[in-house]
Amino acid sequence: MAKDIQERSFDFALQIVELAKSAARTPASDVLMKQLLRSGTSVGANIEESRAGYSRDEFAYKMNISLKEARETHYWLRLLKESGLLKSQQVDSLIDEADQIKKILGTIVSKTRGKSK
């Protein structure tokens, strides 16, 4: 059975936290990891907030914020990998998961906006 996006984004946030806890500390990695933690945990927080939306438009708005945060997280993960601050085996599965979450959220936002017009 497939996980719903709320549970999947929570698990993703936990993996981001674990990655941050295990990463080597350098001035550059500290800055980038802070950015990653903010965006990576924000995805699920905004999905959670979307569930309490008063309208379809409010739901779509919060889900779109989640999508933007997922895109940002994907960027930070790629940057950490390509800069050599993290090894491929540490981030490849998270990059893939961020990409999948982006696709799911993009579909949700598109379908929600299409129905509200």
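The coordinates are above.
Residues numbered from 1 in each chain as written. Predicted model: local features only at pLDDT ≥ 70, side-chain atom pairs only at ≥ 80, totals over all residues. Heavy atoms only, no water.

Caption draft 1: Layout of the pattern of salt bridges. What the rule picks out here adds up to eight salt bridges. Between Arg51 and Asp4 there is a salt bridge, with its nearest N and O atoms 3.9 Å apart. Of the two residues, Arg51 sits in the loop between helix 2 (27–50) and helix 3 (56–82) while Asp4 sits in the segment before helix 1 (5–22), which places them 47 residues apart along the sequence. The partly exposed category is assigned to Arg51, whose relative accessible area is 43%. Ionic pairing is found between Glu97 and Arg8, a salt bridge with its closest N-O pair at 2.6 Å. One end of the pair, Glu97, is in helix 4 (residues 88–116); the other, Arg8, is in helix 1, with 89 residues separating them in the sequence. By the burial criterion, Glu97 is buried, and Arg8 matches it. (Salt bridge = Lys/Arg side-chain N within 4 Å of Asp/Glu carboxyl O. Helix = DSSP H or I, 4+ residues; strand = E, 2+ residues; numbered from the N terminus. Buried < 20%, exposed > 50% of the residue type's maximum accessible area, 1.4 Å probe, protein only.)

Caption draft 2: Representation of the packing of aromatic side chains in the model. With the rule as written, the count across this model stands at one aromatic pair. Consider the rings of Tyr75 and Trp76, whose centres lie 5.0 Å apart with planes at 75°: the pair is edge-to-face. (Phe/Tyr/Trp six-rings, centres within 6.5 Å; stacked < 30°, edge-to-face > 60°.)

Caption draft 3: Spatial organisation of the nonpolar core. Counting residues in each nonpolar core, the largest one holds 25 residues, and the members touching the most others are Leu36, Leu77 and Leu105. Among the elements that take part in this core, helix 4 stands out by supplying seven residues, more than any other. Excluding its chain neighbours within four sequence positions, the residues that come into contact with Leu36 are Ile16, Leu19, Thr41, Thr73, Trp76, Leu77 and Leu80. (Core = buried A, V, L, I, M, F, W, Y, C linked by side-chain atoms within 4.5 Å. Contact = heavy atoms within 4.5 Å.)

Caption draft 4: Spatial organisation of the side chain of Glu97. On the basis of relative accessible area, Glu97 is assigned to the buried category, the value being 16%. Each residue touching Glu97, except ones within four places of it in the same chain, is listed here: Arg8 and Phe12.

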